[in-house]
Amino acid sequence: MNRTAAVVVTYNRKELLLENMYCLMNQQDAECDIMIIDNASTDGTEEALAELRKDPRVNYINTGANLGGAGGFSFGIKKAVEAGYEFVWIMDDDCMPAKHCLARLLKADEELEGNYGFLSSRVMWKDRKPCIMNLQREKLTKPVEKFDVRFVPVVIASFVSFFVKADVVKDVGLPIKEFFIWTDDWEYSRRISRKYPCYAISDSVVMHKSPQNVGANIHEDDMERMPRYRMRYRNEVVLYRREGLKGWGYECIRLGGHVVRIIMKAPDHKLTRIKQVVLGTKDGLFFHPPVEYVEAGADESSGDSMNSKEQEAAEA
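Just so we're clear, the structure is a prediction, and the values are computed from it rather than from any experiment. One numbering rule holds for all chains: residues counted from 1, following each sequence as written. Local features in a predicted model are, by the rule used here, given only for residues with pLDDT of at least 70; side-chain atom pairs are given and counted only at 80 or more, and totals for whole chains, interfaces and linings are based on all residues. Calculated side-chain values reflect all of the structure's heavy atoms, with hydrogen atoms and water omitted.

## Quick word on the packing of helix α7 (residues 226-241) against helix α9 (residues 270-285)
As a packed pair, α7 and α9 sit with axes 7 Å apart at the nearest point and diverge in direction by 40 degrees. In terms of axis orientation, α7 runs oblique to α9. Note on packing geometry: the crossing formed by α7 with α9 is right-handed. Contacts from Met 226, Pro 227, Tyr 229, Arg 230, Tyr 233, Arg 234, Val 237 and Arg 241 of α7 reach α9 at Arg 273, Gln 276, Val 277, Leu 279, Gly 280, Thr 281, Asp 283, Gly 284 and Leu 285. In this analysis, axes come from line fits to C-alpha atoms, helices being fitted only over the stretch in contact, and the angle between any two N-to-C directions falls in the range 0 to 180 degrees. Under the DSSP-based scheme used, a helix requires at least four consecutive residues in state H or I and a strand at least two consecutive residues in state E, with every element numbered from the N terminus. Angle categories are assigned with fixed cut-offs, so that under 35 degrees is roughly parallel, over 145 is roughly antiparallel, 65 to 115 is roughly perpendicular, and the rest are oblique. Take the far helix as the reference: if the near one is turned anticlockwise from it by less than a right angle, the crossing is left-handed, and if turned clockwise, right-handed. Contact definition: two residues touch when any of their heavy atoms are within 4.5 Å.

## Description of the pattern of salt bridges
Between Lys or Arg on one side and Asp or Glu on the other, a salt bridge is scored when a side-chain nitrogen of the former is within 4 Å of a carboxyl oxygen of the latter. Under the definition given, this model contains 24 salt bridges. Its salt-bridge partner being Glu 243, residue Arg 194 comes within 3.3 Å of it at the nearest N-O pair. With Arg 194 in the loop between α6 (184-193) and β11 (199-208) and Glu 243 in the loop between α7 and α8 (245-265), the pair connects residues that are 49 residues apart, well separated along the chain. Shared partners join several salt bridges into a network, and the residues in it are Arg 232, Glu 236, Glu 251 and Arg 254.

## Considering the side chain of Ser 161
You can see Ser 161 is positioned in the loop between β9 (151-153) and β10 (162-165). The classification of residues rests on relative accessible area computed with a 1.4 Å probe and restricted to protein chains. Under 20% of the type maximum is buried, over 50% is exposed, and intermediate values are partly exposed. Owing to a relative accessible area of 0%, Ser 161 belongs among the buried residues under this scheme. Pairs of N or O atoms within 3.5 Å make up the polar contacts considered here, provided that, within protein, one atom can donate a hydrogen while the other can accept it, and that residues adjacent in sequence are counted only when both atoms are side-chain atoms. Within the structure, the side chain of Ser 161 is placed 2.9 Å from the side chain of Trp 89, a separation counted as a polar contact. Apart from the residues lying within four places of it in its own chain, the contact partners of Ser 161 are Trp 89, Ile 90, Met 91, Cys 95, Cys 101, Leu 105, Leu 119, Ser 120, Ser 121 and Val 206.

## Some thoughts on the environment of Gly 284
Locating Gly 284 in the fold gives a position in helix α9. C-alpha of Gly 284 to C-alpha of Ile 156: the two residues are 128 residues apart in sequence and 20 Å apart in space. If near-sequence neighbours (up to four positions away) are discounted, Gly 284 is found in contact with Arg 234, Val 237 and Arg 241.

## Section: the packing of aromatic side chains
Classification of ring pairs rests on two measures: the distance between centres of Phe, Tyr or Trp rings, Trp counted by its six-membered ring, which must be within 6.5 Å, and the angle between planes, read as stacked under 30 degrees, edge-to-face over 60 and tilted in between. Summed over the entire model, instances satisfying the criterion amount to ten aromatic pairs. Ring geometry for Phe 118 and Phe 162: centres 4.7 Å apart, planes at 25 degrees, overall stacked. Of this pair, Phe 118 sits in strand β6 (residues 118-124) while Phe 162 sits in strand β10, and the two are 44 residues apart along the sequence. In terms of burial, Phe 118 and Phe 162 fall into one category: buried.

## Topic: helix α4 (residues 101-112)
With twelve residues, α4 extends 17 Å between its outermost C-alpha atoms, agreeing within 8% with the 16 Å of an ideal straight helix rising 1.5 Å per residue. Phi turns positive, to about 55 degrees, at Glu 113, one or two residues after α4. By this rule, a helix spans an expected 1.5 Å times one less than how many residues it contains.

## Some points on the environment of Asp 268
When you line up the elements, Asp 268 lands in the loop between α8 and α9. Residue Asp 268 is classed as partly exposed on the basis of its relative accessible area, which comes to 33%. In this structure, the C-alpha to C-alpha distance between Asp 268 and Gly 244, residues 24 residues apart in sequence, is 35 Å. Of the polar contacts made by the side chain of Asp 268, one reaches the side chain of Arg 273; its length is 2.7 Å.

If you want it as structure tokens, here you go:
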């Protein structure tokens, strides 16, 4: 077993996943095992992986249900730590690590002598420009503007090449699976950075093959995606209220700005969009999801593919 488990959450994107797998299996100067967390894809993902699963480094787990990104990452991180890996390297299926990405994360771990909470890669889009949605934050409200030093101190990062020690996971717990989608990575990274110094590693690079190089904007997104925004605003209340008065102040200013942009720029359904902001924020005021921890002494095999029912039986 390698020291590092790459945890990749996927759902109905088998072509991107296969490309991601190629990048992971061809890392240079470093190796990782690969734990694929499939949120019950229906596009033939499992069949497409048939040959790759013959490689002992690959462990495919079908969760049996769509747990969302948050649930998938929480599930996968837990499995990796329980299996005894020293490091967990987290990413979506559309994350394409450059060939030395992992080696440079491990080198940073060595140089820092383990004195950090998480490390995060520099994320580029398909045009080789910085990926806007994955810009780390050097302060709670300030994105990183320059990667002109190798170790860039950060407090928030996305789950697009997020590298964390198992010991830190055991200390701070798992991502909040009840978030389902959005803000799970920001909340988790901030939970870690409140206790440990954290860094973006500027020479560890990945490409994020998202459809567009834009952040999530409720004033211009398609109406079919509006239910997701209600969860986003709910989850962000959990993130910012933990910061006390500063967090509440920033959240109020931010929400006001979003409403103004909807009024000024949204092409249609302005009231429906504003309703998602209001309802999501109201949900967040009463939303207090628990933090789950990895049980001490847990140890599971990382070699076999199991579906969720088989896992429940093994854990019983």
